[in-house]
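# Chain and residue survey
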Amino acid sequence: MPTADHIPAPLTPALPAGADATLLIVDDDGPLRNRLSRAMERRGFVVTAVESVREGLAATRGAPPAYAIIDLRLADGSGLDVVGALRDARPDARIVMLTGYGNIATAVAAVKAGAIDYLPKPADADAITAALLDHADALPPPPENPMSADRVRWEHIQRVYEQCDRNVSETARRLRMHRRTLQRILAKHAPRG
């Protein structure tokens, strides 16, 4: 499995010459943060790495970075707070969210907050660099391990359930499904993949 130290492939995008290369990494996983910092420095970024929402917010003040890699769940709160603050301070910042708790609802929240992409952990430095530097409107390449149809269905049901304020009857009505069937689905763990 690739790690953050993965050597860049020849097709990995490069920073444009003379571009602002400042990069903020906000992740409370120390070893991952350190490996990712080293890998991104080798790719030409000027890295500031912090471990909390508080430190991330402080780093966005003054001279906000051009790029950011932010973990969604941090020990002292949500990385979405840092995304919003950075987006307010520097609207052109390119932000990638990382998370070990991937689901469609949080991906949508990250994009609405201002992130340009959302990657599940462990993401390698090549994938992160590509997400940060890809300015094309083309579709990204297909994922190596896409979600199964069962997982996509489960994610959709969970999203509608959350949008209905966790009301089972309203969710069942909107999904046109029997209430008991929905209750059984909600009681199960997420399908793998």
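The paragraphs below set out a description of the structure included in this document. (Residues numbered from 1 in each chain as written. Predicted model: local features only at pLDDT ≥ 70, side-chain atom pairs only at ≥ 80, totals over all residues. Heavy atoms only, no water.)

What follows covers unusual backbone geometry. At D165, a residue that is not glycine, the phi angle is positive and equals roughly 55°. With respect to the helices, strands and loops of the structure, D165 is situated in the loop between α6 (149-163) and α7 (168-175). Overall, D165 belongs to the exposed group, its relative accessible area being 69%. Residue R166 is not a glycine yet carries a positive backbone phi of 60°. Inspection of the secondary structure assignment puts R166 in the loop between α6 and α7. (Helix = DSSP H or I, 4+ residues; strand = E, 2+ residues; numbered from the N terminus. Buried < 20%, exposed > 50% of the residue type's maximum accessible area, 1.4 Å probe, protein only.)

For the rest of this paragraph, the subject is the packing of aromatic side chains. Evaluation of the coordinates by the stated rule reveals one aromatic pair. With 5.4 Å between their ring centres and 85° between their planes, F45 and Y67 make a pair best called edge-to-face. Placement of the pair is F45 in the loop between α1 (30-42) and β2 (46-50) and Y67 in strand β3 (residues 67-71), with a sequence separation of 22 residues. The buried category is assigned to F45, whose relative accessible area is 4%. (Phe/Tyr/Trp six-rings, centres within 6.5 Å; stacked < 30°, edge-to-face > 60°.)

Together, D28, D29, E51 and D76 line one region of the surface with negative charge. Secondary-structure assignment places D29 in the loop between β1 (22-26) and α1. (Patch = residues over 30% accessible without salt bridge, like charges linked within 9 Å, V, L, I, M, F, W, Y side chains within 5 Å. Areas by Shrake-Rupley, 256 points an atom, 1.4 Å probe, with all protein chains shown as cover. Salt bridge = Lys/Arg side-chain N within 4 Å of Asp/Glu carboxyl O. Lys, Arg positive; Asp, Glu negative; His and termini not counted. Charge placed at Lys NZ, Arg CZ, Asp CG, Glu CD.)

Judged by nonpolar contacts, the single largest core of 19 residues is most densely connected at L23, M40, I69, I128 and L132. Counting only elements with at least two residues in this core, the list comes to β1, α1, β3, β6 (94-99) and α5 (125-133). Considering every element that reaches this core, the biggest residue donor is α5, with five residues. (Core = buried A, V, L, I, M, F, W, Y, C linked by side-chain atoms within 4.5 Å.)

The next thing to look at is the packing of α6 against helix α8 (residues 179-187). Contact geometry for α6 and α8: axes closest at 11 Å, N-to-C directions at 110°. In this view, α6 runs roughly perpendicular relative to α8, as classed from their interaxial angle. Contacts from R153, W154, I157, Q158 and Y161 in α6 reach L182, I185 and L186 in α8. (Axes fitted to C-alpha atoms, helices over the stretch in contact; angles between N-to-C directions. Parallel < 35°, antiparallel > 145°, perpendicular 65-115°, else oblique. Contact = heavy atoms within 4.5 Å.)

Now for the sheet that holds strand β7 (residues 117-120). Strand order in the open sheet made by the five strands is β2-β1-β3-β6-β7, with parallel pairing throughout. Edge strands, defined here as strands with exactly one partner in the open sheet, are β2 and β7. Between one strand axis and the next, the sheet turns through 15° on average, direction left out of account. Strand direction decides the pairing type here: β6 and β7, joined by four bridges, are parallel. Within β7, the residue paired with L98 across the bridge is L119. Contacts from α1 reach β1, β2, β3 and β6 within the one sheet, and its direction differs from that of β2 by about 170°. (Pairing = 2+ DSSP bridges.)

Burial runs high along β1: four of the five residues are buried. As paired strands, β1 and β2 are joined by five bridges and run parallel to one another. Along β2, the bridge assignment pairs T22 with V46. Once you follow β1 into α1 and on to β2, the crossover reads as right-handed. In this structure, β1 lies alongside β3, joined through four bridges in parallel fashion. Following the sheet pairing, L23 is matched in β3 by Y67. (Right-handed = clockwise from strand over helix to strand, strands pointing away.)

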